[in-house]
Amino acid sequence: MAERGLVNALSLIADVPDYPKPGILFKDITPLLADGPAFGLVVDALANSITSLPQKIDALVAIESRGFILGGALCRALNTGFVTVRKPGKLPRDVHRKDYQLEYGFDALEMHRGLLTKGKVVVIVDDVLATGGTVLACQELVDMSGAKTAAHLFLLEISQLNGREAIQRAKPGIEVISLLRA
Ligand code: AMP
């Protein structure tokens, strides 16, 4: 019953062809977020996958900006801390910074120093896993902090872009969990 509800909830994710550029099939989660019961089912399912992990999780690390929506709701459900990873120039204090390559060009992510320390265990959360570049850059920030990552958690994974394989190659031992493989 709950499984069927979850499948229906995930079916609200809309495909937008050729956005933001030709050839990209954008996965738009906003119709799902706008539906209260569907959003609730998805948050419950993500929360269950975190509580099923063998480790106790101290904090969720979420990536600007759609990751914040899921991460915030999950932290409330699980009573964990929330650590923001943002685009450059948004965080006011000393940061860890990771520059990384996109399909075309470069980008960077930053995380405040001192929020995570050795001995802490985190889960990194984002909406969509595509090539894996973003979550791996985020993982480097967690590595710089000394904390350990139990899992990378996504609503949806675009299988043909092989992000799961990229993570497993770069960071064997970190679980990759997604509710839906498209
Ligand atoms: P990647 O680094 O290639 O794994 O891309 C993942 C990041 O880009 C996530 O923060 C996603 O929100 C966003 N993203 C990449 N591709 C898509 C897509 N086809 N639809 C929606 N979001 C995407």
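See the structure above.
Criteria and cut-off values
Residues numbered from 1 in each chain as written. Predicted model: local features only at pLDDT ≥ 70, side-chain atom pairs only at ≥ 80, totals over all residues. Heavy atoms only, no water. Helix = DSSP H or I, 4+ residues; strand = E, 2+ residues; numbered from the N terminus. Rg over C-alpha atoms; globule rule 2.2 N^0.38 Å. Areas by Shrake-Rupley, 256 points an atom, 1.4 Å probe, with all protein chains shown as cover. Lys, Arg positive; Asp, Glu negative; His and termini not counted. Charge placed at Lys NZ, Arg CZ, Asp CG, Glu CD. 1 Å grid on protein atoms, 1.4 Å probe; cavity = no way out; pocket = protein on both sides within 12 Å on 5 of 7 lines; lining within 4 Å. Points joined across faces, edges and corners; volume = space filled by probe spheres on them. Expected span 1.5 Å × (residues − 1). Buried < 20%, exposed > 50% of the residue type's maximum accessible area, 1.4 Å probe, protein only. Salt bridge = Lys/Arg side-chain N within 4 Å of Asp/Glu carboxyl O. Near = heavy atom within 4 Å. Sits in = over half its atoms within 2 Å of the grid points. Nonpolar A, V, L, I, M, F, W, Y, C, P; charged D, E, K, R; others polar.

(A) Geometry of the overall build of the protein chain. Counting its secondary structure elements, the protein chain contains six helices and nine strands. Over its C-alpha trace the protein chain gives a radius of gyration of 16 Å, about what one expects of a compact globule, namely 16 Å for 182 residues. Principal-axis analysis of the C-alpha atoms gives the protein chain an extent of 45 × 40 × 30 Å. Counting every atom, the protein chain has about 9,500 Å² of accessible surface; 52% of that belongs to carbon and sulfur. Distance between charge centres in the protein chain, computed from 20 positive and 20 negative side chains, equals 6 Å.

(B) Seen up close, the layout of surface pockets. There is about 1,300 Å³ of room inside the largest pocket. If you go around the largest pocket, you meet 34 residues; those closest to its centre are Ile-24, Val-128, Ala-130, Thr-131 and Thr-134. If you list the elements that add at least two residues to the lining of the largest pocket, you get strand 2 (25–28), strand 5 (95–101), strand 6 (106–112), strand 7 (121–129) and helix 5 (133–145). With four residues, strand 7 is the single largest residue contributor to the lining of the largest pocket.

(C) Quick peek at helix 5. When the terminal C-alpha atoms of helix 5 are compared, their 19 Å separation across 13 residues agrees well with the 18 Å that a helix rising 1.5 Å per residue should span. Taken as a whole, helix 5 has its buried residues at Val-135, Leu-136, Ala-137, Cys-138, Gln-139, Leu-141, Val-142 and Ser-145. Phi for Gly-146, located one or two positions after helix 5, is positive at around 95°.

(D) Up close: the pattern of salt bridges. In this structure the tally under the stated criterion is ten salt bridges. Residues Arg-97 and Asp-99 are paired through a salt bridge, measuring 3.0 Å at the closest nitrogen-oxygen approach. The exposure class assigned to Arg-97 is partly exposed, which follows from its relative accessible area of 40%. Taking relative accessible area as the criterion, Asp-99 reaches 44% and is therefore assigned partly exposed.

(E) Local environment of the site of the ligand. Taken together, 13 residues surround the ligand, and among them Arg-66, Asp-126, Asp-127, Thr-131 and Thr-134 come closest. Here the ligand is seated within the largest pocket. Secondary structure elements with two or more residues in the shell around the ligand: strand 2, strand 7 and helix 5. When the residues that make up the shell around the ligand are grouped by side-chain class, the tally is five nonpolar, four polar and four charged.

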